[in-house]
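Residue-level structural notes
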Amino acid sequence: APASGDVMIAWTPARGAARYVLEVEQDELGFVFETRLLPWQTSFTVPAQLLVPGETYEYSLLVQGDTDNELEIEGGFRTAAREPAHAPRR
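Rules behind the numbers
Residues numbered from 1 in each chain as written. Predicted model: local features only at pLDDT ≥ 70, side-chain atom pairs only at ≥ 80, totals over all residues. Heavy atoms only, no water. Patch = residues over 30% accessible without salt bridge, like charges linked within 9 Å, V, L, I, M, F, W, Y side chains within 5 Å. Areas by Shrake-Rupley, 256 points an atom, 1.4 Å probe, with all protein chains shown as cover. Salt bridge = Lys/Arg side-chain N within 4 Å of Asp/Glu carboxyl O. Lys, Arg positive; Asp, Glu negative; His and termini not counted. Charge placed at Lys NZ, Arg CZ, Asp CG, Glu CD. Helix = DSSP H or I, 4+ residues; strand = E, 2+ residues; numbered from the N terminus. Pairing = 2+ DSSP bridges. Polar contact = N/O pair within 3.5 Å; in protein donor to acceptor, adjacent residues only side chain to side chain. Contact = heavy atoms within 4.5 Å. Axes fitted to C-alpha atoms, helices over the stretch in contact; angles between N-to-C directions. Buried < 20%, exposed > 50% of the residue type's maximum accessible area, 1.4 Å probe, protein only.

Our focus in this paragraph is a negative patch on the surface. A contiguous patch of negative charge on the surface is contributed by D27, E28, E58, D68, E70, E72 and E74. The element contributing the most residues to the negative patch is strand 6 (residues 70-78), with three residues.

This is how it looks when you write it as structure tokens:
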């Protein structure tokens, strides 16, 4: 189902994680948002103000460990189309 408003991305904590790097992209719009997160965080909310209605976004969550190990998880979401200001009455 399309997301409306803020979009929360959540994950299960990774054992040995030293940090997470979350990147959200929308290629056609040239949109890239990246944030570094602390190892005890298990979710991040992307504010609706950053997102365009009716678009598909991709995200990647990079888990960086104490060593040089990295694990990347990818996914995506679609924002809901904007509702017309005045829907015609029937």
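As paired strands, strand 2 (residues 17-26) and strand 3 (residues 31-37) are joined by seven bridges and run antiparallel to one another. In the sheet register, L22 faces strand 3, and the bridge partner there is T35. From the end of strand 2 to the start of strand 3, which pair antiparallel, there are four residues, and G30 there has a positive phi angle of about 65°.

Now for the side chain of Q26. As for its position among the elements, Q26 is in strand 2. In this structure the side chain of Q26 is engaged in a polar contact, spanning 3.0 Å, whose partner is the backbone nitrogen of E28. In this structure the side chain of Q26 is engaged in a polar contact, spanning 3.3 Å, whose partner is the side chain of E55. Apart from the residues within four sequence positions on either side, Q26 is in contact with F31, E55, T56 and Y57.

Taken together, four strands build an open sheet; the order of strands is 3-2-5-6 and the sheet is antiparallel. Each having just a single partner strand, strand 3 and strand 6 make up the two edges of the open sheet. Neighbour-to-neighbour, the strand axes of this sheet turn through a mean angle of 15°, independent of strand direction. Bridge analysis of strand 5 (residues 56-65) against strand 6 gives nine bridges, and the strand direction is antiparallel.

Considering the arrangement of structural elements, one finds G76 in strand 6. We classify G76 as partly exposed; its relative accessible area is 48%. For the pair G76 and S60, spaced 16 residues apart in the sequence, the C-alpha separation amounts to 8.4 Å. Discounting residues that sit within four places of it in the chain, G76 has contacts with Y57, E58 and Y59.

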